Amino acid sequence: AINRTSENIMAGDLSQRIPISGSGDEMDRLAIGLNDMLSQIQKLMAELAGVTDNIAHDLKTPLTRLRANIESALRTNNKTEYSDALQNTLEEADDLLKTFNALLSLSRIEPGKGRSDMERIDIGTILGDAAELYEPLVEDKGGRLETRIEPRLTLWGDKQLLLQGVSNMLDNILKYADISSAHPLVQLEATRAGDQAKLIIADQGPGIPASKREEVLKRFTRLDKSRTNPGSGLGLSLVKSIVEFHGGSLKLEDTREHKKRPGLKLVIMFPLKS
């Protein structure tokens with residue numbers, strides 16, 4: 001029975017499972033273990049197919065625009081149009097590079113990779129650096145960045161990856177939260193919660209419906225209302241991978257009770273290192 005099932009799986013039918021007799025003997029325990037492994041493989045293969053489709057879709061559009069810009073410039077002798085086409089091409093190329101860099105970062109933090117750069121770091125320093133970088137950008141949009149950072153929150157991690165994760169979250173706020181004088185506040189907090197560090201990054205924007213929160217943590221997922229904004233849909237997926245790489249957990253919540261503008265609050269828990 002195991003041989004027949006194996007042959008069907010090798011022929012491409014990943015839905016096949018090894019039959020279990022119910023006796024609870026060693027063969028049953030082996031079959032249960034193999035079936036669990038097959039379920040995980042089937043899930044990963046489905047995710048890989050979905051990611052491949054999304055990569056093709058998300059890269060085809062900017063490449064098409066890039067080609068159209070170049071063709072349009074070649075059909076004219078106008079120097080202004082040449083300059084505009086080159087500027088547009090440069091912007092499209094930058095967006096493509098951001099997508100590839102995000103994919104490379106995701107690949108780097110797969111289990112067993114990228115741990116050579118781990119060191120003792122203070123997460124407060126990471127948040128302080130991010131606040132210094134993003135505060136002017138928030139203020140340019142009419143908002144205010146409020147920080148509350150406790151000292152001596154030490155953990156074992158990769159400084160560059162953690163800074164990238166915090167930057168991705170703040171980038172999302174700048175893109176989607178509609179920071180203005182009416183809804184100005186962006187919160188950045190790091191506090192101690194027992195033997196863990198609790199990070200909160202929150203805004204007062206439109207938020208994400210509870211039914212969509214698991215979905216937006218998957219690669220290349222973009223909600224309909226964000227499709228008109230530039231981006232690859234890798235931001236929160238990368239954040240989730242970085243958090244899990246450091247042994248932490250990530251939750252998406254409402255900032256406050258308000259139906260029209262509940263805001264989005266990201267709550268991250270990291271194990272502290274004494």
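Residues numbered from 1 in each chain as written. Predicted model: local features only at pLDDT ≥ 70, side-chain atom pairs only at ≥ 80, totals over all residues. Heavy atoms only, no water.

Asks: Talk me through the overall build of the protein; I want residue IDs and the actual numbers.
Replies: Check the secondary structure of the protein and you find six helices and seven strands. When the 274 residues of the protein are sorted by exposure, 39% land in the buried category. The contacts of the protein with a sequence gap of at least 6 include a subset with a gap of at least 24, amounting to 66%. In the structure as shown, the protein presents an accessible area of about 16,200 Å², 52% of it carried by carbon and sulfur atoms. (Helix = DSSP H or I, 4+ residues; strand = E, 2+ residues; numbered from the N terminus. Buried < 20%, exposed > 50% of the residue type's maximum accessible area, 1.4 Å probe, protein only. Contact = heavy atoms within 4.5 Å. Areas by Shrake-Rupley, 256 points an atom, 1.4 Å probe, with all protein chains shown as cover.)

Asks: Describe in detail the environment of Glu139, supporting the description with residues and values.
Replies: Within the element layout of this structure, Glu139 appears in helix α4 (residues 123–140). Taking the relative accessible area as the measure of exposure, Glu139 reaches 45% and is therefore partly exposed. Put simply, Glu139 and Leu185 are 46 residues apart on the chain and 10.0 Å apart in space, counted from C-alpha to C-alpha.

Asks: Hey, could you go over the side chain of Glu92 for me, with residue numbers and the actual values?
Replies: Turning to its location among the elements, Glu92 is positioned in helix α3 (residues 79–108). The class for Glu92 is buried, based on a relative accessible area of 10%. Setting aside its immediate chain neighbours within four residues, Glu92 contacts Pro62, Arg65, Leu66 and Asn69.

Asks: Explain the packing of α4 against helix α5 (residues 159–176) residue by residue, including any values.
Replies: In the contact formed by α4 and α5, the axes pass within 10 Å of each other and the chain directions differ by 30 degrees. Along this stretch, α4 crosses α5, giving a crossing that reads as right-handed. Side by side, α4 and α5 meet where Ile123, Ile126, Leu127, Asp129, Ala130, Tyr134, Leu137 and Val138 of the first sit next to Lys159, Leu162, Leu163, Val166, Ser167, Leu170, Asp171 and Leu174 of the second. Split by residue class, the contact of α4 with α5 holds 12 nonpolar, one polar and three charged. (Axes fitted to C-alpha atoms, helices over the stretch in contact; angles between N-to-C directions. Left-handed = near helix turned anticlockwise from the far one by under 90°. Nonpolar A, V, L, I, M, F, W, Y, C, P; charged D, E, K, R; others polar.)

Asks: Can you tell me about the nonpolar core, naming the residues and giving the values?
Replies: Ranked by internal contacts, the top residues of the largest apolar core, which has 42 residues, are Ile123 and Leu252. Contributing elements (two or more residues each) for this core: α4, α5, β4 (185–193), β5 (196–202), α6 (235–245), β6 (249–254) and β7 (264–271). Those residues in contact with Leu252, other than ones at most four positions away along the chain, are Ile208, Arg213, Val216, Leu217, Leu236, Leu264, Lys265 and Leu266. (Core = buried A, V, L, I, M, F, W, Y, C linked by side-chain atoms within 4.5 Å.)

Asks: How would you explain the confidence of the model for the protein if you had to name every residue and give the values?
Replies: The predicted coordinates should not be examined in detail at positions where pLDDT is low. Averaged over every residue, the pLDDT of the protein is 81; residues scoring 70 or more account for 81%. The least confident element of the protein is α3, whose mean pLDDT is 78; the most confident is β5, at 93. (pLDDT = per-residue confidence, 0-100.)

Asks: Break down unusual backbone geometry for me, with residues and values.
Replies: Trans is the prevailing form of peptide bonds, just as negative phi is the prevailing case for residues other than glycine. In the Ramachandran plot, Arg152 falls in the positive-phi region, its phi being about 55 degrees despite a non-glycine side chain. Here Arg152 shows up in the loop between β2 (144–149) and β3 (154–157). On the basis of relative accessibility, which here comes to 62%, the residue Arg152 falls in the exposed class.

Asks: Got a sec to walk through the sheet that holds β7? Specific residues and values, please.
Replies: Reading across from one edge, β2-β4-β5-β7-β6 is the order of the five strands in this open sheet, with mixed pairing throughout. Only two strands of the sheet have a single neighbouring strand rather than two, namely β2 and β6. Direction aside, the axes of adjacent strands within the sheet are offset by 15 degrees on average. Inspection of the sheet shows β4 paired to β5 by seven bridges, in the antiparallel sense. Following the sheet pairing, Glu189 is matched in β5 by Ile200. Sitting on the sheet, α4 touches β2, β4 and β5, and the angle it makes with β2 is about 170 degrees. On top of the sheet, α5 reaches β4, β5 and β7; it is set at about 25 degrees to β5, its chief contact. (Pairing = 2+ DSSP bridges.)

Asks: For a negative patch on the surface, give the residues involved together with the corresponding values.
Replies: On the surface, a cluster of negative charge is made up of Asp129, Glu132, Glu135, Glu139 and Asp140. Along the chain, Glu135 falls in helix α4. (Patch = residues over 30% accessible without salt bridge, like charges linked within 9 Å, V, L, I, M, F, W, Y side chains within 5 Å. Salt bridge = Lys/Arg side-chain N within 4 Å of Asp/Glu carboxyl O. Lys, Arg positive; Asp, Glu negative; His and termini not counted. Charge placed at Lys NZ, Arg CZ, Asp CG, Glu CD.)

Asks: Hey, could you go over the environment of Ala85 for me, with residue numbers and the actual values?
Replies: You can see Ala85 is positioned in helix α3. Other than its neighbours up to four places away in sequence, Ala85 contacts Asn69 and Ala73.

Asks: So, the pattern of salt bridges: which residues are in play, and what are the values?
Replies: A complete count under the given rule lists nine salt bridges for this structure. Among the salt bridges present, the one from Glu92 reaches Arg65, with a minimum N-O distance of 2.6 Å. Taken together, the residues span a long stretch of sequence, with Glu92 in helix α3 and Arg65 in helix α2 (residues 26–74) at a distance of 27 residues. For Arg65, a relative accessible area of 41% translates into the label partly exposed. Residues joined by salt bridges that share partners form a network here, namely Lys251, Glu253 and Lys265.

Asks: Please provide a residue-by-residue account of α4, values included.
Replies: Taking 1.5 Å as the rise per residue, α4 with 18 residues should run 26 Å; its terminal C-alpha atoms sit 26 Å apart, in good agreement. When the local axis directions of α4 are compared, the greatest deviation, roughly 40 degrees, occurs at Tyr134, which is followed within four positions by the proline Pro136. Those residues of α4 that sit buried are Ile123, Gly124, Ile126, Leu127, Ala130, Ala131, Tyr134 and Val138. Contact partners of the buried residues in α4: β1 (119–122), β2, β3, α5, β4 and β5. Between the side-chain oxygen of the N-cap and the backbone nitrogen of Gly124 there are 2.8 Å, and the N-cap of α4 in question is Asp122. (Expected span 1.5 Å × (residues − 1). Bend = angle between axes of the 7 residues up to and from the residue. Polar contact = N/O pair within 3.5 Å; in protein donor to acceptor, adjacent residues only side chain to side chain.)

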